[in-house]
Protein chains: 2
Amino acid sequence: MPRRSNTFVKTRQDHANETAEDYVEAIGDILETQPTCRVKDLSAKMGVSHVTVTRILQRLSAERLIDKDPYGPCTLTRKGAAMAKRSRRRHQLLLDFLLHIGVPPTDAARDAEGMEHHVSDATLSVMRAVLQEDSNRR
Amino acid sequence: MPRRSNTFVKTRQDHANETAEDYVEAIGDILETQPTCRVKDLSAKMGVSHVTVTRILQRLSAERLIDKDPYGPCTLTRKGAAMAKRSRRRHQLLLDFLLHIGVPPTDAARDAEGMEHHVSDATLSVMRAVLQEDSNRR
DNA sequence: ACCGACATGTAGCATGGGCTACATTTTAGA
DNA sequence: TCTAAAATGTAGCCCATGCTACATGTCGGT
Ligand SMILES: [Mn+2]
Ligand SMILES: [Mn+2]
Ligand SMILES: [Mn+2]
Ligand SMILES: [Mn+2]
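Residues numbered from 1 in each chain as written. Chains lettered and ligands numbered in written order. Predicted model: local features only at pLDDT ≥ 70, side-chain atom pairs only at ≥ 80, totals over all residues. Heavy atoms only, no water.

Trainee: I would appreciate a short explanation of the coordination of the manganese ion (ligand 1) in the present structure.
Mentor: Reference geometry at the metal: tetrahedral coordination by four donors gives ideal angles of 109.5 degrees; octahedral coordination by six donors gives 90 or 180 degrees. All names here are of chain A. Within the protein, the manganese ion (ligand 1) binds to E25 (OE), H91 (ND1), E116 (OE) and E116 (OE); these donor distances fall in the range 2.2 to 2.4 Å. Within one chain, the residues donating to the manganese ion (ligand 1) are spaced in sequence as E-x65-H-x24-E. The metal-metal distance between the manganese ion (ligand 1) and the manganese ion (ligand 2) is 3.9 Å, with E116 coordinating both. With a gap of 91 residues between them, E25 in helix α1 (residues 7-33) and E116 in the loop between α5 (105-115) and α6 (121-137) connect regions that are remote in the sequence. Note on E25: relative accessible area 8%, which makes it buried. With a relative accessible area of 0%, E116 lands in the buried category. (Donors = N, O, S within 2.8 Å, 3.2 Å for Na, K, Ca; no water. Helix = DSSP H or I, 4+ residues; strand = E, 2+ residues; numbered from the N terminus. Buried < 20%, exposed > 50% of the residue type's maximum accessible area, 1.4 Å probe, protein only.)

Trainee: Would you mind going over the relation of the copies chain A and chain B with me for this structure?
Mentor: Each copy superposes on the other: chain A lies on chain B with an RMSD of 0.1 Å after a rotation of 180° and an axial shift of 0.0 Å. Expressed as an axis order, the relation between the two copies is that of a two-fold axis. Every residue of chain A has its C-alpha some distance from the rotation axis, and the shortest such distance is that of M115(A), at 2.4 Å. With an isologous cut-off of 70% or more, the 100% of interface residues of chain A that recur at the interface of chain B puts this contact in the isologous class. (Least-squares fit on C-alpha atoms with pLDDT ≥ 70 in both. Contact = heavy atoms within 4.5 Å.)

Trainee: Which parts of the structure should I look at to understand the protein's contact with DNA strand D?
Mentor: The environment of DNA strand D is made up of 20 residues, and the closest members are R12(A), R38(A), K68(A), T19(B) and R59(B). Close to the protein, within 4 Å, the atoms of DNA strand D belong to sugar or phosphate groups at a rate of 60%. T19(B) has a polar side-chain atom sitting 2.5 Å from a phosphate oxygen of DNA strand D. The separation between a sugar or linking oxygen of DNA strand D and a polar side-chain atom of Y71(B) is 3.1 Å. Mapped onto the surface near DNA strand D, the elements with two or more residues apiece are α2 (39-46) and α3 (50-62) of chain A together with α3 (50-62) of chain B. With five residues, the single largest contributor to the surface near DNA strand D is α3(B). For the surface near DNA strand D, a count of residues per class yields eight nonpolar, six polar and six charged. (Near = heavy atom within 4 Å. Polar contact = N/O pair within 3.5 Å; in protein donor to acceptor, adjacent residues only side chain to side chain. Nonpolar A, V, L, I, M, F, W, Y, C, P; charged D, E, K, R; others polar.)

Trainee: Sorry if this is basic, but what is going on with the coordination of the manganese ion (ligand 2) here?
Mentor: With distances of 2.0 to 2.4 Å, the protein atoms coordinating the manganese ion (ligand 2) are D22(A) (OD), E113(A) (O), E113(A) (OE), E116(A) (OE) and H117(A) (NE2). One chain supplies every donor for the manganese ion (ligand 2), spaced along it as D-x90-E-x2-E-H.

So, to be careful, I would describe these as geometric facts and stop short of saying anything about function.
So this is what it looks like as structure tokens:
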């Protein structure tokens, strides 16, 4: 059980999940537009070297979030797909909210990428409510 | 000049500033409630060992954000005070916004601590506008 | 003035995420 | 089918942020 009464400690714990969340989400995105997801695809998408991707994929594989053979493409496990789905929903909801209140799309996209990992379910619920309320209003 | 067209790269760059922002802000907070800020105060506030604090303070000192002598307390330089002020304003505005839309205080406090480092000026402006508009409305 | 408690510093280790340089495997074209 | 280019993996480095264990400095009470 993580103790997280201290907000700084909580933020550092969130950072630990951040890479995994972004990568499984990215893998999911890639697999929607093409049949396989390879190291070079992720390297391009994340803006890092193939070496960094390889090491991170090894960790994701050890954590049973992805399946991957040497020199092969990678796929999401059940667990990985579940994390990707959750991450994507949260990312999208946050992005929709920022756009809704009037943040320019380019800024909203950048902000959402970093903020998403620190938004609690409580805040997401409120954002969802605001979006729904205002869509009913018109 | 940082290239930040890639949102993932942008987020990683934001993380680099995060520690400095949190520490100068924390030092500023502490110096408002007591005459000096010592390693043990920061260790308690950030939830890390005194060793971690010492090393980070060495870096902040090298970056001219704080003044500190061995075994002495630390103070903010002009530069550090400016960063602290900016960080605190941003933190407070984000927190106010979250509370305004109805996020429970405990969640809002935790979320703001992590989100603050990824909120652009564009988004902050929008949040400020929402707060002002709704305060006029009543 | 001394000494013990407390604060701070240092040594050394771990993990994670960057990188370049080099090795190996795959794959596609001639 | 060979072979060169592309993709991937490995070695080994950097830096940041954690930690424990141990060393040293500071300071207050007797
Ligand atoms: Mn995302
Ligand atoms: Mn992200
Ligand atoms: Mn803050
Ligand atoms: Mn923070």
